Amino acid sequence: MVWAWPHLFEATRLWIWDDYTYHMIYPALWLRDHAIAAPSPSHAFTMQAWYPLAASAVAAWFMLPFDGARGEALAWVSLTGPLYAAMVAAGAAALLGRLGCRPGSWAPAVVLFLTSERIGIMASSFSDADLAQAAALFAAFAFAIPRDGERLRDATAEAWYAGLLTGIALGIKISAAVPALIILAISALRAAAPAPGSGSAR
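Below is a summary of the structure that appears in this document. What you see is a predicted model; the values in this text were computed from it and never measured.

### Considering the overall build of the protein
- Broken down by element type, the protein carries 11 helices and zero strands.
- When the elements of the protein are put in sequence order from the N terminus, they spell out α-α-α-α-α-α-α-α-α-α-α.
- Residue burial in the protein is summarised as follows: out of 202 residues, 37% are buried.
- Taking contacts inside the protein between residues at least 6 apart in sequence as the whole, the part at least 24 apart equals 74%.
- Carbon and sulfur atoms provide 71% of the accessible area of the protein, an area that totals close to 12,000 Å².

### Things to note about a nonpolar patch on the surface
- A cluster of nonpolar residues, Trp-106, Val-110, Phe-113 and Leu-114, forms a patch on the protein surface that exposes about 380 Å² of accessible area.
- With respect to the secondary-structure elements, Phe-113 resides in helix H7 (residues 107-115).
- Exposure remark for Phe-113: the relative accessible area of 33% places this residue in the partly exposed category.

### Topic: the nonpolar core
- Within the largest apolar cluster, 13 residues are counted, with the highest numbers of intra-cluster contacts made by Leu-137, Ala-144, Ala-169 and Ile-183.
- Only helix H9 (128-144), helix H10 (152-170) and helix H11 (177-192) provide two or more residues apiece to this core.
- It is H9 that provides the largest number of residues to this core, a total of five residues.
- When residues no more than four places from it in sequence are discounted, the contact partners of Ala-144 are Ala-162, Ile-183, Ile-186, Ser-187 and Arg-190.

### Overview of empty space enclosed by the protein
- Enumeration over the complete set of coordinates arrives at one cavity of 30 Å³ or more.
- Approximately 50 Å³ is the volume attributed to the largest cavity.
- Looking at the lining of the largest cavity element by element, the count peaks at three residues for helix H4 (residues 54-63).
- Looking at the lining of the largest cavity, its residues break down into seven nonpolar, two polar and one charged.

### Side note on the pattern of salt bridges
- If you walk through the whole model with that rule in mind, you get six salt bridges.
- Put simply, Arg-32 and Asp-33 hold a salt bridge, and the shortest N to O gap is 3.1 Å.
- With a relative accessible area of 43%, Asp-33 lands in the partly exposed category.
- Glu-158 is the salt-bridge partner of Arg-147, the closest N and O atoms lying 3.0 Å from each other. With Arg-147 in the loop between H9 and H10 and Glu-158 in helix H10, the pair connects residues that are 11 residues apart, well separated along the chain.
- Among the charged side chains, a salt-bridge network with shared partners connects Arg-98, Arg-147, Arg-151, Asp-154, Glu-158 and Arg-190.

### Section: the packing of helix H3 (residues 25-33) against H4
- One can describe the packing of H3 onto H4 by two numbers: an axis separation of 9 Å at closest approach and a directional angle of 60°. When the axes of H3 and H4 are compared, the pair comes out oblique. In terms of crossing hand, the pair formed by H3 and H4 is right-handed. On the side of H3, the interface is formed by Pro-27, Ala-28, Trp-30 and Leu-31, while H4 contributes Ser-56, Ala-57, Ala-59, Ala-60 and Met-63.
- Looking at the contact of H3 with H4, its residues break down into eight nonpolar, one polar and no charged.

The rules we used
- Residues numbered from 1 in each chain as written.
- Predicted model: local features only at pLDDT ≥ 70, side-chain atom pairs only at ≥ 80, totals over all residues.
- Heavy atoms only, no water.
- Helix = DSSP H or I, 4+ residues; strand = E, 2+ residues; numbered from the N terminus.
- Buried < 20%, exposed > 50% of the residue type's maximum accessible area, 1.4 Å probe, protein only.
- Contact = heavy atoms within 4.5 Å.
- Areas by Shrake-Rupley, 256 points an atom, 1.4 Å probe, with all protein chains shown as cover.
- Patch = residues over 30% accessible without salt bridge, like charges linked within 9 Å, V, L, I, M, F, W, Y side chains within 5 Å.
- Salt bridge = Lys/Arg side-chain N within 4 Å of Asp/Glu carboxyl O.
- Core = buried A, V, L, I, M, F, W, Y, C linked by side-chain atoms within 4.5 Å.
- 1 Å grid on protein atoms, 1.4 Å probe; cavity = no way out; pocket = protein on both sides within 12 Å on 5 of 7 lines; lining within 4 Å.
- Points joined across faces, edges and corners; volume = space filled by probe spheres on them.
- Nonpolar A, V, L, I, M, F, W, Y, C, P; charged D, E, K, R; others polar.
- Axes fitted to C-alpha atoms, helices over the stretch in contact; angles between N-to-C directions.
- Parallel < 35°, antiparallel > 145°, perpendicular 65-115°, else oblique.
- Left-handed = near helix turned anticlockwise from the far one by under 90°.

Geometric descriptors of this kind do not, in isolation, establish any biological role.
Quick look at the structure:
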């Protein structure tokens, strides 16, 4: 609720300069030109122009119904914030379950989340590149962690999900390369581990 409130009831406020002057630029250009393409040299005036911009394609999809009105488009794209927050929350719940944590072990993380001074700022921004990359990597990490008694079919499917989400994260920012290698290593170790019940019982 803390995260969703600015998006659902106040939209993205004007004092979040990062949205108007940075994250919104290229989705707005794509909608204006009716084409998703790499920024031209004349438009490469922000650092974001040198990133793959995969998350900006998601932002452009949210902005599509209001491509002719900047304020309404920004209010609509603001809903990507709760989307990425939901991915992190679902990933955290899945991860705690896979690790066999006790009920209530989520409480410290929630307290830290609610008392962070950055929450008010980040919750008011859709910040597609930052939030999308973090959410995709965390969800990929959750899928990469094995479960007790899992079937080979489930493990294979989750490895594909982890790889897909990792690829999306790499398509957002190249800085996802190091976490992607860690997720790849976890997935490789998971694949090399013997399946449950495969050992000989005596």
